[in-house]
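Geometric and topological summary
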Amino acid sequence: MSHDQTLHLLQDALHAIRQNRLAIADFCQTWRAQTALLSALPPRYAEVMEDLLGRLEAGSLFTEESCSFSQVDLLANLDLWLDKAQQTLAKTA
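Anyway, here's the lowdown on the structure attached to this text. None of these values were measured; they are calculated from a predicted model.

Relative to the elements of secondary structure, Q34 occurs in the loop between α2 (24-32) and α3 (35-40). What makes Q34 buried here is its relative accessible area of 13%. Non-local contacts of Q34, meaning those with residues more than four positions away in its chain, are made with T6, L9 and L10.

Right, let's get into the nonpolar core. Within the largest apolar cluster, 24 residues are counted, with the highest numbers of intra-cluster contacts made by F27, W31, L56, L78 and W81. Elements supplying a minimum of two residues to this core: α1 (3-18), α2, α3, α4 (43-59) and α5 (71-92). For this core, the element with the most residues is α5, which contributes 7 residues. In contact with L78, other than residues within four places in its own chain, are L14, F27, W31, L52 and L53.

Turning our eyes to something else, we now look at the packing of α2 against α5. Contact geometry for α2 and α5: axes closest at 14 Å, N-to-C directions at 20 degrees. In terms of orientation, α2 and α5 fall into the roughly parallel class. Two packed elements cross with a definite hand, and for α2 against α5 that hand is left-handed. Of the residues in α5, those touching α2 at I24, F27 and W31 are Q71, L75, L78, W81 and L82.

Take the packing of α4 against α5 next. Running from N to C, α4 and α5 point in directions that differ by 160 degrees, and their axes come no closer than 10 Å. Judged on the interaxial angle alone, α5 and α4 are roughly antiparallel. When the axes of α4 and α5 are compared, the crossing they make is left-handed. Only Q71, L74, L75, N77, L78, W81, K84, A85 and T88 of α5 make contact with α4, whose side of the interface consists of Y45, V48, M49, L52, L53, R55 and L56. Of the residues that constitute the contact of α4 with α5, the class distribution is 11 nonpolar, 3 polar and 2 charged.

Cut-offs applied
- Residues numbered from 1 in each chain as written.
- Predicted model: local features only at pLDDT ≥ 70, side-chain atom pairs only at ≥ 80, totals over all residues.
- Heavy atoms only, no water.
- Helix = DSSP H or I, 4+ residues; strand = E, 2+ residues; numbered from the N terminus.
- Buried < 20%, exposed > 50% of the residue type's maximum accessible area, 1.4 Å probe, protein only.
- Contact = heavy atoms within 4.5 Å.
- Core = buried A, V, L, I, M, F, W, Y, C linked by side-chain atoms within 4.5 Å.
- Axes fitted to C-alpha atoms, helices over the stretch in contact; angles between N-to-C directions.
- Parallel < 35°, antiparallel > 145°, perpendicular 65-115°, else oblique.
- Left-handed = near helix turned anticlockwise from the far one by under 90°.
- Nonpolar A, V, L, I, M, F, W, Y, C, P; charged D, E, K, R; others polar.

Next up, the structure:
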């Protein structure tokens, strides 16, 4: 799978989770499984992604009101992560 295809897969997963068509555990598994993409990016990308996914998983254990992690904000940060990953890959191509 090309990096563009992988980025598209991750974007599709973001759409699916926002529409409640994908469970958080499945979403995180999909993102973590993209090892080829992560190895093509600087190591910091994997660290940031894992931090965001960990917060998303932790937040899923609580109701929105009782958790300090906003799912909407975390998904927005993952959108930003995707944008920056695409830009970084474009620079190295």
